[in-house]
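Coordinate analysis (summary)
If you want the building blocks of each chain, they are given just below.
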Amino acid sequence: MAEDAGAPKAGCLVDLKGQTALVTGASRGIGRAIAVKLAACGARVVGVARTLEAMQGTKDAILAAGGEFEGFAADVAKAEDVKRVVDEVEAKYQKIHVLVNNAGITKDGLMLRMEDDAWDQVVDVNLKGTFLWCRAVGAVMMRGRYGRIVNISSVSGIRGNPGQANYSASKAGVIGFSQTIARELASRGITVNVVAPGFITTDMTDVLPDKIKAEVKERIPLKRLGAPEDIAEMVAFFSGPASSYVTGQVVTVDGGMTV
Ligand code: NAD
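Below is a short write-up of the structure. All values derive from a computational prediction rather than experimental measurement. The residue numbers shown here count from 1 along each chain, following its written sequence. Residue-level local features of this predicted model are given only where pLDDT is at least 70; pairs of side-chain atoms are given and counted only at 80 or more, and the full residue set underlies all totals for whole chains, interfaces and linings. Excluded from the side-chain calculations are hydrogens and water; all other atoms, namely the structure's heavy atoms, are used.

Looking at the overall build of the chain
Heads up, the rule is: For helices the rule is a DSSP run of H or I covering at least 4 residues; for strands it is a run of E covering at least 2, with both sets numbered from the N terminus onward. Computation of the radius of gyration draws on C-alpha atoms, with the globule rule given as 2.2 Å multiplied by the number of residues to the power 0.38. Note on exposure labels: buried denotes an accessible area under 20% of the residue type's maximum, exposed denotes more than 50%, and partly exposed covers the range between, all computed with a 1.4 Å probe on protein chains only. Two residues qualify as a contact provided that any one of their heavy atoms is within 4.5 Å of a heavy atom in the partner residue. In short, Shrake-Rupley with a 1.4 Å probe defines the accessible areas, and a residue's cover is counted only from the protein chains shown. Charged residues are defined here as Lys and Arg on the positive side and Asp and Glu on the negative side; His and the ends of the chain fall outside this count. Lysine's charge is taken at NZ, arginine's at CZ, aspartate's at CG and glutamate's at CD.
Tallying secondary structure elements over the chain gives nine helices and seven strands in all. Relative to the globule expectation of 18 Å for 259 residues, the C-alpha radius of gyration of the chain, 17 Å, shows essentially globular dimensions. Expressed as lengths along the three principal axes of its C-alpha atoms, the size of the chain is roughly 50 × 50 × 35 Å. Every one of the 259 residues in the chain was classed for burial, and the buried ones make up 48%. Put simply, of all contacts in the chain between residues at least 6 apart along the chain, 73% involve residues at least 24 apart. Summed over its atoms, the accessible surface of the chain is roughly 12,800 Å², and 55% of this surface lies on carbon and sulfur atoms. For the chain, the separation between the mean place of its 30 positive charges and that of its 29 negative charges on side chains is 5 Å.

Considerations on the layout of surface pockets
Our working rule: Lining residues are defined by having an atom within 4 Å of a point belonging to a cavity or pocket. Those points lie on a 1 Å grid over the protein atoms alone, cavities being sets where a 1.4 Å probe fits but cannot get out and pockets being open sets with protein on both sides within 12 Å along at least five of seven lines. Grid points are joined across faces, edges and corners, and a volume is the space filled by probe spheres set on the points. Residues were grouped as follows: Ala, Val, Leu, Ile, Met, Phe, Trp, Tyr, Cys and Pro as nonpolar; Asp, Glu, Lys and Arg as charged; and all remaining residues, including Gly, as polar.
Here the largest pocket is characterised by a volume of approximately 1,400 Å³. If you go around the largest pocket, you meet 48 residues; those closest to its centre are Thr106, Tyr167, Thr202, Met204 and Thr205. Listed by contribution, the elements that provide at least two residues to the lining of the largest pocket are α1 (29-40), β2 (44-49), α5 (156-159), α6 (165-185), α7 (203-206) and α8 (210-219). In terms of residue class, the lining of the largest pocket is made up of 22 nonpolar, 18 polar and eight charged.

Overview of the environment of Ala21
Topologically, Ala21 is positioned in strand β1 (residues 20-24). For the pair Ala21 and Arg148, spaced 127 residues apart in the sequence, the C-alpha separation amounts to 9.1 Å. Those residues within four positions of Ala21 in sequence are excluded, and the remaining contacts are Leu38, Ala43, Arg44, Val45, Val46 and Val98.

Overview of a nonpolar patch on the surface
Defined as follows: Residues with no salt bridge and a relative accessible area higher than 30% make up the patches, which join like charges within 9 Å and nonpolar side chains (Val, Leu, Ile, Met, Phe, Trp, Tyr) within 5 Å. By definition here, a salt bridge exists when the distance from a side-chain nitrogen of Lys or Arg to a carboxyl oxygen of Asp or Glu is within 4 Å.
Taken together, the side chains of Val207, Leu208 and Ile212 define a hydrophobic patch exposed on the protein surface, amounting to about 250 Å² of accessible area. Relative accessible area serves as the criterion here: at 67%, Val207 is assigned to the exposed category.

Focus on the state of the cysteines
Should the sulfur atoms of two cysteines be covalently bonded, the bond is a disulfide. The cut-off we apply is this: Put simply, a disulfide is two cysteine sulfurs that come within 2.5 Å.
One pass over the structure, following the stated rule, counts one disulfide. Residue Cys12 pairs covalently with Cys41 via a disulfide, S to S 1.8 Å. Residues Cys12 and Cys41 share a disulfide whose torsion about the S-S bond is about 70°; that sign makes it right-handed. Here Cys12 is found in the segment before β1, whereas its partner Cys41 is found in the loop between α1 and β2, with 29 residues between them in sequence.

A closer look at the site of the ligand
Put simply, the rule is: Nearness is judged by heavy atoms alone; a residue qualifies as near a molecule or strand once a single heavy atom is within 4 Å of it. As used in this structure description, the phrase polar contact means that two N or O atoms lie within 3.5 Å; if the pair is within protein, one of them must be able to donate a hydrogen and the other to accept it, and residues adjacent in sequence are counted only when both atoms belong to side chains. Whether a molecule lies in a cavity or pocket depends on its atoms, and more than half of them have to be within 2 Å of the grid points.
In the neighbourhood of the ligand, 27 residues make up the surrounding shell, with Ser27, Arg28, Asn102, Tyr167 and Thr202 lying closest. Ile30 places a main-chain nitrogen or oxygen 2.8 Å from an oxygen atom of the ligand. The backbone of Gly198 places a nitrogen or oxygen atom 3.4 Å from an oxygen atom of the ligand. Coverage of the ligand by the protein chains reaches 94% of its 830 Å² of free accessible surface. Assessed atom by atom at 2 Å from the grid points, the ligand resides in the largest pocket. Looking at the shell around the ligand element by element, the count peaks at three residues for α7.

What follows is the structure, given as structure tokens:
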């Protein structure tokens, strides 16, 4: 029997040739893996991050593999930035077939000591940002009568997580929001699904002490921390034609941690 080699390798069974896919937070971590994956599936990837420089590594990886990438600098939580980018992308490419709301932040702390700012910033980026992009890109998709929206939540948004009241609330909000718009947009051929990662090795989780990481790994039935590519695989499925009869769903990609 072949041994499980861990995180998925390059290659793509999903055909996105001729499609435009917009990915937020495409500079690093999960967002970079998603951008690279969708480009490998044939999509022209439009990446969004605070600065263009931050996306250079993503761009280099995609171009080196023969893919197409264009970056836009924007703050995902600012309505004027969202409008500027979406207007420009629509004017240039007419359609946006895939939207992945991946940009996210944490500002952890116990609820009783949580500052208003830590609450507001996390909810603004993770939840309001997701709404702003869905509203703007959703209108473009409605005109094209086709769309695939994939929103990134978290297992913290399903089960809660001590020290992450703001983050868990924002990620639970992403789920309720996505289920609602899945119903609102379905008649126009637009699907909306949610991927909820478990513990994935990125800069976001790098800040945690090794002891915590070892404890988490112990609790994961598949006995490894997740890789950004594990999330990108599920996002690619929801981005492609094979998922056309699936909408409003939440899929947990966590090595079995929440089973
Ligand atoms: P990361 O911190 O490595 O990357 C986050 C990305 O979002 C970066 O590209 C960052 O520049 C971008 N970003 C943040 N705020 C932004 C803003 N206001 N405007 C534009 N871009 C902004 O994080 P990651 O681990 O790759 O996480 C990606 C997504 O997955 C997030 O939504 C996160 O909540 C979610 N997630 C991660 C994990 C994990 O274990 N790493 C687990 C569950 C969910």
